[in-house]
Amino acid sequence: MGEADYGIDPAVINRLAEEVKEVVQSGVEVAIVVGGGNIFRGAGLAGAGMDRVTGDQMGMLATVMNGLAMQDALERIGIATRVMSALRINQVCEEYIRRRAERHLEKGRVVVCVAGTGNPFFTTDSAASLRAVEIGADLLLKATKVDGVYDADPMKDSAARKYERLSYQEVLDRRLGVMDATAIVLCRDNKLPLRVFNMNQAGALKQIVTGAEEVGTLVS
């Protein structure tokens with residue numbers, strides 16, 4: 001949503017699409033899991049009394065909107081993209097099927113996974129870890145607003161210290177809030193490395209993929 005309070009900022013999504021394009025053109029297979037917090041947050045309404053399952057389902061639908069926007073931005077710059085949903089919305093996008101997702105990736109298409117896991121009570125973080133494990137990803141990237149994992153909120157504490165590397169267990173024991181515990185445990189149990197980086201840092205994605213320099217925080 002960029003600097004806005006709500007919705008999709010075309011400048012932001014177009015910049016992200018250009019960064020993904022660079023990576024894809026270097027020969028790397030890319031799958032993206034999108035959230036929906038810029039449009040709707042089910043947890044907030046659930047806290048105000050809405051049924052949690054209903055709130056989570058509405059949140060899943062918000063991710064579909066973001067996924068379609070990402071597909072549009074990528075295809076406008078020549079990158080073949082497929083949106084695959086954990087919920088059946090066949091008139092809008094494909095149903096997520098692991099083997100089909102793998103075929104798309106092999107053919108050089110970007111796969112955008114939406115609707116989380118398709119189940120309430122699971123976050124987009126859990127969906128990202130699950131999809132990464134399913135397709136045999138080499139690395140899971142967590143795009144955030146800060147340039148890694150800190151021992152305190154760097155937005156509020158100027159003395160917050162950044163971690164360059166962490167183990168899965170350190171993240172869990174210190175309750176660092178990198179991703180929710182379910183997602184971290186899934187990464188740990190499947191030995192899937194995780195790198196947390198700032199999505200607003202231009203060129204960060206390519207730097208991570210090429211290994212040109214250390215970016216963000218590595219959890220392994």
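Chemist: Please give an account of the sheet that holds strand β10 (residues 217-219) that cites residues and values.
Modeler: Spatially, the four strands line up as an open sheet ordered β5-β9-β10-β8, and their pairing is mixed. Either end of the sheet is taken by a strand with one partner, and the two such strands are β5 (140-144) and β8 (165-166). Note that strand β9 (residues 194-198) and β10 share three bridges and pair antiparallel. Across the sheet, the residue bridging to L194 is V219, located in β10.

Chemist: Which residues make up the pairing of strand β4 (residues 110-114), and what are the values?
Modeler: The side chains of a regular strand alternate between both faces of the sheet. Most of β4 sits inside the fold, with five of its five residues counted as buried. Side chains V110, V112 and V114 project from β4 onto one buried face, and the interleaved V111 and C113 project onto a second face that is buried too. With five bridges connecting them, strand β2 (residues 81-85) and β4 associate as parallel partners. Bridge pairing in β4 places S85 opposite V114.

Chemist: Could you give an account of the pattern of salt bridges, with specific residues and numbers?
Modeler: Tallied over the entire structure, the rule returns 16 salt bridges. Among the ionic pairs, R15 bridges to E19, the shortest N-O distance being 3.1 Å. Here R15 and its partner E19 are both found in helix α1 (residues 10-25), four residues apart, which amounts to about one turn of the helix. For R15, a relative accessible area of 25% gives the class partly exposed. In this structure, R82 engages E94 in a salt bridge whose closest nitrogen and oxygen atoms are separated by 3.8 Å. Here E94 lies in strand β3 (residues 94-95) and R82 lies in strand β2, a separation of 12 residues in the sequence. One salt-bridge network, in which partners are shared between bridges, spans R82, E94 and R100.

Chemist: Quick rundown of the nonpolar core? Include the residues and the values.
Modeler: Within the largest apolar cluster, 27 residues are counted, with the highest numbers of intra-cluster contacts made by V20, V30, I32, M70, L74, V110 and V112. Elements with a minimum of two residues in this core: α1, α3 (52-76), β4 and α8 (204-210). Setting aside residues up to four positions removed in sequence, V30 forms contacts with V20, V23, V24, L105, R109, V110 and V111. V149, Y163, V178 and V196 belong to the second largest nonpolar core, which has 18 residues in total.

Chemist: If you had to explain the packing of α1 against α3 to someone new, which residues and values would you point to?
Modeler: Viewed as axis vectors pointing N to C, α1 and α3 meet at an angle of 60°, and their least axial separation amounts to 9 Å. By the criterion of interaxial angle, the relationship of α1 to α3 is oblique. The handedness of the crossing between α1 and α3 comes out as right-handed. Here I13, N14, L16, A17 and V20 of α1 come into contact with α3, specifically with A69, M70, A73, L74 and R76. Among the residues making up the contact of α1 with α3, the classes are represented as eight nonpolar, one polar and one charged.

Chemist: Describe the sheet that holds strand β1 (residues 31-33), with residues and values.
Modeler: The four strands are arranged β1-β4-β2-β3 in an open sheet whose pairing can be described as parallel. At either margin of the open sheet sits one strand with a lone partner, and together these are β1 and β3. Taken together, the three bridges between β1 and β4 define a ladder with parallel strand orientation. The residue of β4 that forms the bridge with V33 is C113.

Chemist: Pulling in residues and values, what's your account of the packing of aromatic side chains?
Modeler: Pairs of aromatic rings are described using the distance from one ring centre to the other and the angle between the two planes. Tallied over the full model, the rule gives zero aromatic pairs. Directly above the aromatic system of Y96 lies the positively charged group of R131, at a separation of 3.8 Å from the ring centroid.

Chemist: So what's going on with the environment of Q71? Residues and values would help.
Modeler: Within the secondary structure layout, Q71 lies in helix α3. Taking the C-alpha atoms as reference, Q71 lies 14 Å from E19; in sequence the two are 52 residues apart.

Chemist: Give a detailed account of helix α4 (residues 98-106), specifying residues and quantitative values.
Modeler: For α4, the full list of buried residues reads A101, E102, H104 and L105. Along the long axis of α4, the arc covered by the buried residues comes to 160°, so they all point the same way. Pointing more than 90 degrees away from the buried face of α4 are the exposed residues R99 and E106. Its buried side turned inward, α4 meets β1, β2, β3, β4 and α5 (124-134). One or two steps after α4, the chain reaches G108, where phi turns positive at roughly 85°.

Rules used in this analysis
Residues numbered from 1 in each chain as written. Predicted model: local features only at pLDDT ≥ 70, side-chain atom pairs only at ≥ 80, totals over all residues. Heavy atoms only, no water. Pairing = 2+ DSSP bridges. Helix = DSSP H or I, 4+ residues; strand = E, 2+ residues; numbered from the N terminus. Buried < 20%, exposed > 50% of the residue type's maximum accessible area, 1.4 Å probe, protein only. Salt bridge = Lys/Arg side-chain N within 4 Å of Asp/Glu carboxyl O. Core = buried A, V, L, I, M, F, W, Y, C linked by side-chain atoms within 4.5 Å. Contact = heavy atoms within 4.5 Å. Axes fitted to C-alpha atoms, helices over the stretch in contact; angles between N-to-C directions. Parallel < 35°, antiparallel > 145°, perpendicular 65-115°, else oblique. Left-handed = near helix turned anticlockwise from the far one by under 90°. Nonpolar A, V, L, I, M, F, W, Y, C, P; charged D, E, K, R; others polar. Phe/Tyr/Trp six-rings, centres within 6.5 Å; stacked < 30°, edge-to-face > 60°. Lys NZ or Arg CZ within 6 Å of the ring centre and 35° of its normal. Arc of directions from axis to C-beta.

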